[in-house]
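# Inside the fold
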Amino acid sequence: MTKPKIASTSLCGCFGCHMSILDIDDRILKLVELVEFDKSPINDIKRFTDRCLVGLIEGGCANQENVKVLREFRSHCDVLVSVGDCATMGGIPAMRNGIPLKECLAEAYLDGPTVHNETGRVPHDEELPLILDKVYPCHEVVKIDYHLPGCPPPADAIWEAVVALLNNKPLDLPYELLKYD
Amino acid sequence: MSDEITFTIDGVEVTGTQGQTIMQAADQAGIYIPRLCWHADLSPGGSCRVCTVKVNGRAQAACTYPISEGMLVQNETDEIREWRKSIVEMLFVEGNHFCMFCEKSGNCELQAMAYRFGIATPRYPYMFPQRDVDASHPDVFIDRNRCILCGRCVRASRDVDGKNIFQFVNRGRETRIAINAEANLADTALSAMDKAVEVCPVGAILRKRVGYAVPVGKRKYDHEPIGSDIEARRAKS
């Protein structure tokens, strides 16, 4: 029997949630027995090679590239899980949501007290993904099947969730594993 | 005692005294009814509606509704649980609740309520409103991003502190907590020791320089859901 495949990505996140995945410690050996990793920063596979059972999404959508990757995950994965506060509610990057984009860019590239920018322009290049008007939680962009909040979610919560999904069991997180911080 | 009143909550017989609210009688009996705007030391506000129960089939706020002989109260039904859950979810999307860096996290009643209800993420779209922070006062700040408009500070400042510093202004989604000074919190008579500061259920009104004092794992709601203390009373009796 071929092993089910799992994929993961970090959109507008800090990779802290991926650190929390690694934080399952020696259970990662068990995980490797249970699943095969497809596209993921853990194995550095850049493109989907096959259909996946589970996709773990860290980070929200702050730019066009994030949206593109998220949609790609949606079309390649049976089950998508938002992992962490950035994916579930926008997180720290969403702090800019109350501020008009123009002001954000001006503060970052033109007017900020530590800015040194001789061009006097906001970077604008085809290579740079277009920034969105605000940061969106993943479920406001595509359908997300499950949410694991936390900054980051505890390693145990991620482990429990993945094991439940792989065994087709309902996920019943104990009180201590559902946290927003 | 002649003023004793007996009624039921979810089929469990509860005895209270004349003049008590459903919440007071339930607390005594060790039955937890979730609440946010209610505070033990203040008059009930009846505004958050998290304590909604059904009394003889009609929805009522348990914190303001007086008990009467033989009445049937429903507390833990799927329908009521769903109402409460959606209220808490609406509070989360209506403000800017960034738990990951909030000093109140772990001791916050809104967050604890969401944990108790098992809310992974709100079902409603986030509004990300523009709210302001007033850090002018030397010892206290207001972060309106986190305010849930429970009105505890309004009642505490008026009834306990006797200062009338806080009041609601505007209507509907524009409602916000205002202060009785032209511009800044620093211009009010607020003191860090005021009841109004102590009773805020969220991180909207906080004392400065005391944040993050308790480590993760030792905070109020890290291990036990909100309401566990009340439910423990029932287990004992």
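Located above this text is the structure these notes cover.
Residues numbered from 1 in each chain as written. Chains lettered and ligands numbered in written order. Predicted model: local features only at pLDDT ≥ 70, side-chain atom pairs only at ≥ 80, totals over all residues. Heavy atoms only, no water.

## So, the overall build of chain A
- Counting its regular elements, chain A contains six helices and seven strands.
- Secondary structure elements of chain A, listed N to C terminal, follow the sequence β-α-α-β-β-β-α-β-α-α-β-β-α.
- In terms of principal-axis extent, the alpha carbons of chain A reach across some 60 × 35 × 30 Å.
- In chain A, which comprises 181 residues, the share counted as buried stands at 46%.
- When the accessible surface of chain A is totalled, it reaches about 9900 Å², and 54% of it is carbon and sulfur.
- Considering chain A, the positive charge centre built from 18 side chains and the negative charge centre built from 28 side chains are found 6 Å apart. (Helix = DSSP H or I, 4+ residues; strand = E, 2+ residues; numbered from the N terminus. Buried < 20%, exposed > 50% of the residue type's maximum accessible area, 1.4 Å probe, protein only. Areas by Shrake-Rupley, 256 points an atom, 1.4 Å probe, with all protein chains shown as cover. Lys, Arg positive; Asp, Glu negative; His and termini not counted. Charge placed at Lys NZ, Arg CZ, Asp CG, Glu CD.)

## Brief notes about a nonpolar patch on the surface
- On the surface, A:Phe15, A:Met19, A:Leu22 and A:Ile42 cluster together to form a nonpolar patch covering roughly 350 Å² of accessible area.
- Looking at where A:Ile42 falls in the secondary structure, it is placed in the loop between strand 2 (36-37) and strand 3 (52-58). (Patch = residues over 30% accessible without salt bridge, like charges linked within 9 Å, V, L, I, M, F, W, Y side chains within 5 Å. Salt bridge = Lys/Arg side-chain N within 4 Å of Asp/Glu carboxyl O.)

## A look at the sheet that holds strand 5 (residues 77-83) of chain A
All names here are of chain A.
- Spatial ordering of the open sheet is given by 2-1-3-5-7, a layout of five strands whose pairing is parallel. Each end of this open sheet is capped by a strand with a single partner; those strands are strand 2 and strand 7 (146-148).
- Relative to strand 5, strand 3 is paired through six bridges, and the arrangement is parallel. Bridged to valine 54 within strand 5 is valine 79.
- Helix 6 (residues 155-166) contacts strand 1 (5-10), strand 3, strand 5 and strand 7 of the sheet and is inclined by roughly 160° relative to strand 7. (Pairing = 2+ DSSP bridges. Contact = heavy atoms within 4.5 Å. Axes fitted to C-alpha atoms, helices over the stretch in contact; angles between N-to-C directions.)

Geometric descriptors of this kind do not, in isolation, establish any biological role.
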